[in-house]
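A structural walkthrough
Here are the chains, one letter per residue:
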Amino acid sequence: MKTRFLHIALPVLTMAAVACGDSFEFGTPTHDLDEKTDFAAGTTQVLWKNKGYVYPTGRIHNFRIPGLVRTRSRLLAFCEAREETGTTNKDGGDIDLIYRISTDEGRTWSPSRVLFDDEDNTCGNACPVWTESGRLVVFCCWARTGTTEAAFRSRHFTFEEAQRYHNHVVNFYSDDEGETWNGPFKCFTEGRNSDETQYKWTGFFKAGPGHAIQLKTGEHKGRLIVGCDHKYERFGGVPVAADSEDENYYGSHIAYSDDEGLTWHLLELDEELHYGNECVPVELSDGGIYLDMRSTGAYKKTRAGSFSRDGGITWSRYAVVPERIDPGCQGSVANYNTDGVPSSVILATSNNSTVREKLSIRASLDDCATWKSEVYEITATKSGYSDIVVFPDGSVGILYENGPKHYNEQISFRKIPAATITAYINQ
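Residues numbered from 1 in each chain as written. Predicted model: local features only at pLDDT ≥ 70, side-chain atom pairs only at ≥ 80, totals over all residues. Heavy atoms only, no water.

**Some thoughts on the nonpolar core**
As a reminder, the rule being used: Here the nonpolar core consists of buried residues drawn from Ala, Val, Leu, Ile, Met, Phe, Trp, Tyr and Cys, with membership extended through side-chain atoms lying within 4.5 Å. Buried, partly exposed and exposed residues are distinguished by accessible area as a fraction of the type maximum, computed with a 1.4 Å probe on protein chains only: under 20%, between the cut-offs, and over 50%, respectively. Throughout, a residue-residue contact means that at least one pair of heavy atoms, one from each residue, lies within 4.5 Å.
Grouped together as the largest cluster of nonpolar side chains are 21 residues, with contacts concentrated most on Ile225, Ile254, Leu291, Met293 and Trp315. Apart from residues lying up to four places away in sequence, Ile225 is in contact with Ala212, Ile213, Leu215, Ile254, Ala255, Tyr256, Pro281, Ile289 and Gly311.

**Focus on the confidence of the model for the chain**
We count it as follows: The predictor rates its confidence in each residue with pLDDT, a number between 0 and 100. Think of it this way: any DSSP run of H or I at least four residues long counts as a helix, any run of E at least two long counts as a strand, and we number them from the N terminus.
When pLDDT is averaged along the chain, the result is 82, and 78% of the positions lie at 70 or above. For the chain, the element scoring lowest by mean pLDDT is helix α1 (residues 14–19), at 27; strand β11 (residues 213–214) scores highest, at 98. A low-confidence stretch, residues 1–42 (pLDDT under 50), is modelled with 106 contacts involving residues beyond four sequence positions or located in other chains. This model gives residues 52–57 a pLDDT under 50, and the stretch forms 10 contacts once residues within four places in sequence are excluded.

**Concerning unusual backbone geometry**
With omega at 10°, the peptide bond leading from Gly183 into Pro184 counts as cis. Relative to the assigned elements, Pro184 resides in strand β9 (residues 182–186). With an omega dihedral of 0°, the bond running from Gly208 to Pro209 counts as a cis peptide bond. Positive phi values are uncommon outside glycine, yet Tyr275 reaches one of about 85°. The topology assignment puts Tyr275 in the loop between β15 (265–266) and β16 (276–283).

**Some thoughts on the pattern of salt bridges**
For side chains of opposite charge, pairing can occur when their charged atoms come near one another. Basically, it comes down to this: By salt bridge we mean one thing: a side-chain nitrogen of Lys or Arg within 4 Å of a carboxyl oxygen of Asp or Glu.
One pass over the structure, following the stated rule, counts 18 salt bridges. Measuring nitrogen to oxygen at the nearest pair gives 2.4 Å for the salt bridge that ties Asp292 to Arg324. With Asp292 in strand β17 (residues 289–295) and Arg324 in strand β19 (residues 319–325), this pair connects stretches of sequence that are 32 residues apart. Accessibility expressed as a relative area gives 1% for Arg324, which makes it buried. Salt-bridge contacts for Asp326 lead to Arg303; the nearest nitrogen and oxygen are separated by 3.1 Å. Highlighted residues: Asp326 in the loop between β19 and β20 (332–335) and Arg303 in strand β18 (residues 302–308), separated in sequence by 23 residues. Accessibility assignment for this pair places Asp326 and Arg303 in one class, buried. Three or more residues are tied together by salt bridges with common partners; here these are Asp292, Arg303, Arg324 and Asp326.

See below:
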């Protein structure tokens, strides 16, 4: 098989392929994108709308899992284009990773382009980051069709088996702000636990979704960090059944790179981030890192967090933040060091403990030690996954799932003025 991608003009660099493990072959793309749709600028723009609207053929059933990144002169919005499957929300199967580009801070957008399409396999969970050197890195996931998470319930795959037969975490990079791409490069050949007799992950793990970060200060300045999550095969020395559906055996972790995405490393975490799930990191004003986590199991209705003071190598124990209610959904967090508040952070999540709706921004003014009780509500309707960016003038861009009847009917972009965010923070 041979891999082909739209808008890829540069050859895959041998240096990068060697540095990040194997460069490996996928299948061929199964379609081109041609929406013939003119998106007019507005306060809130629908970038992707589900079945029957964007693809006249009906091939794409729905669009999910937004990712958003700001480069030197562009804004790139990513999502998954999910093949017609007979269901409205399927995480496995024929899924392509696509994106749009805006050159005017989100007022207008290009037609969709394909970044990653491998026949009928799964390509998704974009985790983009723009580096100080001018490189755009996208960390994402690949899975073979028919081997979704449920396939692991028959028995535990080893890490090596999973990498070979089921799922890879891969990355792409672009040196021209998304015009052309290099990749995909398969990452990780190393183990993940310090003592596998006590704590061992299953072969299944994934990255994101939501943006990654590059550290701007401190000893590890330049390090890329992306949030990931996993399941446990053994916890506290006790085996977990392969067919277990107990969400109390999930956990979060991170992957990091010190060479702008050429090589990646997984941490040897045991139980520090137990109960975590999808997560996004943010660098704090003092150079520390906060990991915002979706919770699982006993703590599913609240979000949680953890701190690292050494560049992401060690983490404080998973800690629930009771005031940050959550229905069990991904969220996005970003540094908002503007307007004389050097330790402010903003978080976008559902402000509801049972239903994915009322997507809102909640702020911390003390580097995530405490959080405001008040929120700025983005939408009162159904809403799901999201990703946010902060513009130099303090305005905030948010890409989010939403709809009048269901949280994933469409993916919209909205730019919130700096004055609105400032008024909320100061109230």
